[in-house]
Number of protein chains: 2
Amino acid sequence: MEQVSFPPLSSVVICGGTHGNEMTGVYLVREMQKQKVDKVGSVSINAVMSNPRAVEACTRYTETDLNRCFTDALLSSPITDSTPYEVRRAQELNAQLGPKGSNKAVDMLIDLHNTTSNMGLCLIFDSIDYVTLHIFKYLQSKIPSVPVRSLLLEKPPSEAYSLDSVGKHSFSIEVGPQPNGVVRADIFNIVKEAVDHTIGFLQEFNRGGTFEGGEVEAFTVVKSVDYPRDPMTGEITAAIHPQLQDNDFKLLKRGDPMFLSFTGETVKYEGEELYPLFVNECAYYEKKIAFHLAQKLTHKFPSIRVKKD
Amino acid sequence: MEQVSFPPLSSVVICGGTHGNEMTGVYLVREMQKQKVDKVGSVSINAVMSNPRAVEACTRYTETDLNRCFTDALLSSPITDSTPYEVRRAQELNAQLGPKGSNKAVDMLIDLHNTTSNMGLCLIFDSIDYVTLHIFKYLQSKIPSVPVRSLLLEKPPSEAYSLDSVGKHSFSIEVGPQPNGVVRADIFNIVKEAVDHTIGFLQEFNRGGTFEGGEVEAFTVVKSVDYPRDPMTGEITAAIHPQLQDNDFKLLKRGDPMFLSFTGETVKYEGEELYPLFVNECAYYEKKIAFHLAQKLTHKFPSIRVKKD
C-alpha cells in the first residue's frame with residue numbers, strides 16, 4: 001500500500017459525560033478544564049462536558065441517549081417545544097465542534113465512556129480511518145498494562161449516531177469494568193494515559209514523522225443477543241452465566257454456557273463461533289442486549305505522514 | 001453463658017428492591033413471588049418488593065432513601081401532601097410487616113442489598129441478637145465459597161432506620177461487588193444460598209434443635225472518611241487509591257495509600273489501625289463517604305433453643 005498523507009491534526013477535543021454516570025470522562029474533563037491546558041506543542045486542546053444535565057443528575061441521560069443523536073437526520077431536525085434536551089444539546093455540540101462533515105470540524109474528537117463489562121480499553125471507530133487505526137496501533141504499543149482492542153461499527157457518516165462522528169477523525173474509548181456512578185483510579189489512569197499518548201501521537205505526526213503501515217485486528221458486531229424474558233411481563237428470567245460473565249472477547253463456542261436462569265437452568269450457546277462483547281453492560285438492559293457477538297477481522301493500513309502545503 | 005430460649009420463628013419475610021437499582025434482591029423477590037412459595041415446613045414465607053417505584057425507575061430511591069425511613073419518628077410522622085413517597089411506603093411496610101417493636105411483627109425479616117464495594121457476603125445487624133448471631137455463624141459454616149462477615153450498627157431500636165428493624169429478629173444482607181442496575185449470576189446464587197440456609201436454620205430451630213453457644217467476630221464502624229474535595233465546588237479531587245480499592249476488611253495502617261488525586265498525588269492514611277469497609281460504594285458519594293473505618297470485636301453468645309409452651 002502506498003503512503004497516504006493527511007493535513008496537520010492541529011485540534012483535539014476530549015469529551016466526557018456524554019453519558020452522565022460514566023465517571024472517568026466526567027472527572028478527566030473536569031480536571032483538564034481546571035488545569036486550563038489549551039495547547040500542547042502543535043495541538044490545541046479543548047475539554048468538553050457533553051451532557052452537563054445528565055452529569056448533574058448522575059444519570060446516563062435525561063430524556064434520550066445523547067450518544068444516539070448525531071445522525072444527519074437528528075442534527076438537522078427542527079427544534080420544537082417537545083424536542084428532547086439531548087437532541088438540542090447534540091445540535092449545540094455539532095455547532096461548537098463541527099459541523100459534522102464540514103471543513104470546520106475539529107481534527108480529532110475523542111469521546112470517553114465507561115462500561116460495566118470487562119472490556120479493558122476498547123477504541124470504537126465509526127468507519128475505517130487510517131489515522132485512527134495508526135493511533136490504535138500506537139496505543140497498543142504504549143499501554144502494555146491492559147488489553148487494547150478495537151471495535152469497528154462501519155456506519156456511513158450520515159447514519160453514524162455517536163458524538164465522536166462530529167470530528168474529522170475520531171474514536172470513542174470504552175473502558176471497564178467500572179460501575180456507573182463510581183470512579184476507579186486504575187481505570188482513570190488508563191484513560192488518562194490513552195489521551196496523553198494520543199496527543200503525543202498527534203505531535204509526532206504534525207512534526208512530519210512517518211508512521212509505517214501494517215495491520216490491526218478489529219472486532220465487528222455481527223448480532224446482539226437479548227436475555228431470556230418472561231413472555232407476559234417482559235422481565236428477564238436469567239442472568240449471564242458465570243462462565244460467560246467477565247469473559248468479553250473470549251471466543252464463544254457451540255455448547256458454551258450463556259445464561260443461568262433464576263431457577264438454576266443453564267442456557268447454552270448454539271450459534272457459530274463468535275466473540276462476545278459488552279457482556280452484562282448495565283445500559284443495555286433497556287436496549288434488550290445481554291451481549292453483542294462479533295467477528296475479528298484484520299485490517300491493513302498504509303504508512304501515513306503529514307501533508308506538506 | 002446459660003442457654004437462652006426463644007419462641008418459635010414461624011414467619012420470615014424476604015425484602016428486595018429497598019434500593020431499586022440493587023438487582024439481586026429485585027430478581028430474587030420476583031422469582032419467589034412467581035413461584036408462590038408461601039410455606040416451607042414450619043415457616044411461612046413472604047417475599048416483598050419494598051420500593052416498587054424505585055425498582056420501576058431502576059434508581060436507588062425516588063424522593064428519599066427508603067432504608068433511612070424506619071425510625072420511630074418517621075414511622076409516626078403525619079402524612080401530608082409534601083411527605084416523600086418513601087416515607088409513606090415505610091409506613092405501609094411497617095403496617096404490613098410490623099408494627100416495629102410489637103408482638104405482631106414478623107419473626108424474621110431479611111432485607112437484600114448490593115454494593116459496588118468488594119464486601120463479599122456481609123450481614124448487617126442493628127443490635128446484638130443471639131438468634132441472628134447464630135444464623136451468622138450457621139451461614140459461615142454453610143457458605144465456604146465466599147467470605148461471610150458481619151457489621152454491627154448498635155442502634156437503639158427507636159433510632160434504627162433500616163427496613164429490617166421492623167422484624168422481631170432481622171438482618172440486612174449486603175453483597176458485592178455488583179454494579180447498580182446489573183445482576184450477576186454469581187452474586188445472585190450466593191444470596192439465594194444465604195436465604196435458603198437461613199430458612200433451613202429456622203426449620204432446625206423450630207424442630208427443637210439446640211444450637212451451641214460460641215463466639216463470632218463482628219465489625220463496628222468507628223468513623224467515616226470523605227473524599228478530598230475542592231473547597232469551592234465541593235467536587236471530589238481524588239479517587240480511592242488502587243491499593244485500597246477492593247480491599248475492604250483489610251487492615252488499614254498508618255502510611256498506607258488511601259486516595260490518588262486526579263493530578264497523581266497519593267494521600268496516605270494517618271490514623272489508628274482500623275478496617276475499611278464499603279470502599280468506593282456508589283451510593284455513598286452523595287453521603288460524603290469514601291469508606292467507613294471499623295474495629296473488629298468478638299461477641300460471645302449462649303446456646304439457644306426454641307421455647308416450649
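What counts and how
Residues numbered from 1 in each chain as written. Chains lettered and ligands numbered in written order. Predicted model: local features only at pLDDT ≥ 70, side-chain atom pairs only at ≥ 80, totals over all residues. Heavy atoms only, no water. UniProt positions renumbered as here; feature names shortened; annotations may be inferred. Helix = DSSP H or I, 4+ residues; strand = E, 2+ residues; numbered from the N terminus. Buried < 20%, exposed > 50% of the residue type's maximum accessible area, 1.4 Å probe, protein only. Contact = heavy atoms within 4.5 Å. Areas by Shrake-Rupley, 256 points an atom, 1.4 Å probe, with all protein chains shown as cover. Domains from an automatic or database assignment. Buried area = accessible area lost by both parts, 1.4 Å probe. Phe/Tyr/Trp six-rings, centres within 6.5 Å; stacked < 30°, edge-to-face > 60°. Salt bridge = Lys/Arg side-chain N within 4 Å of Asp/Glu carboxyl O. Polar contact = N/O pair within 3.5 Å; in protein donor to acceptor, adjacent residues only side chain to side chain. Nonpolar A, V, L, I, M, F, W, Y, C, P; charged D, E, K, R; others polar.

Labelled according to an unreviewed UniProt entry, chain A appears under the name N-acyl-aromatic-L-amino acid amidohydrolase, originating from Stegastes partitus. UniProt annotates chain A under Sequence similarities (unreviewed entry) with the comment "Belongs to the AspA/AstE family. Aspartoacylase subfamily."

## Describing the overall build of chain A
Secondary structure summary: chain A contains six helices and 15 strands in total. The C-alpha extent of chain A, read off along each of the three principal axes, is 65 × 50 × 35 Å. Looking at chain A as a whole, 57% of its 309 residues are labelled buried. Considering only residue pairs separated by 6 or more positions, chain A has 74% of its internal contacts joining residues 24 or more positions apart. Summing over all exposed atoms, chain A offers an accessible surface of approximately 12600 Å²; the carbon and sulfur share of this is 49%.

## Focus: the domain arrangement of chain A
Residue and element names in this part refer to chain A. Assigned domains within chain A: domain 1 (4-216) and domain 2 (218-298). Taking only C-alpha atoms into account, the centre of domain 1 sits 27 Å from that of domain 2. Taken together, the contact pairs 21 residues of domain 1 with 19 residues of domain 2. Both faces combined, the contact of domain 1 with domain 2 buries some 1700 Å², and carbon together with sulfur accounts for 53% of it. It is Asn 118, Met 119 and Leu 151 that lose the most area in domain 1 upon contact with domain 2, and together they represent 25% of the buried surface on that side.

## Description of the packing of aromatic side chains
Residues and elements named next belong to chain A. With the rule as written, the count across this model stands at 30 aromatic pairs over all chains. Summarising the aromatic geometry, the rings of Phe 205 and Phe 211 are spaced 6.5 Å apart at their centres and angled 25 degrees between planes, so their arrangement reads as stacked. Grouping residues by exposure puts Phe 205 and Phe 211 together as buried. Seen in terms of ring centroids, Tyr 227 and Tyr 285 are 4.8 Å apart; in terms of plane orientation they differ by 25 degrees. Their pairing is stacked. Residue Tyr 227 is found in the loop between β9 (214-225) and β10 (238-240), and its partner Tyr 285 is found in the loop between β13 (275-277) and β14 (291-301); the two are separated by 58 residues along the sequence. Taken individually, Tyr 227 and Tyr 285 each receive the classification buried, so the pair is uniform in this respect.

## Remarks on the interface of chain A and chain B
If you look at the interface, chain A gives 31 residues, while chain B gives 32 residues. Interface area for chain A against chain B, summed over the two sides, is near 2600 Å², with a carbon-plus-sulfur share of 60%. Applying the counting rule to chain A against chain B returns six salt bridges. Here Asp 246 of chain B makes a salt bridge to Arg 184 of chain A, at a shortest N to O gap of 2.8 Å. Between the two partners, chain A and chain B, sit eight residue pairs in polar contact (both at pLDDT 80 or more). Counting only elements with at least two residues in the side of chain A that touches chain B, the list comes to α1 (23-35), α6 (185-206) and β10 of chain A. When residues of the side of chain A that touches chain B are assigned to their parent elements, the largest contribution, five residues, is made by α1 of chain A. When its residues are assigned to classes, the side of chain A that touches chain B shows 14 nonpolar, nine polar and eight charged.

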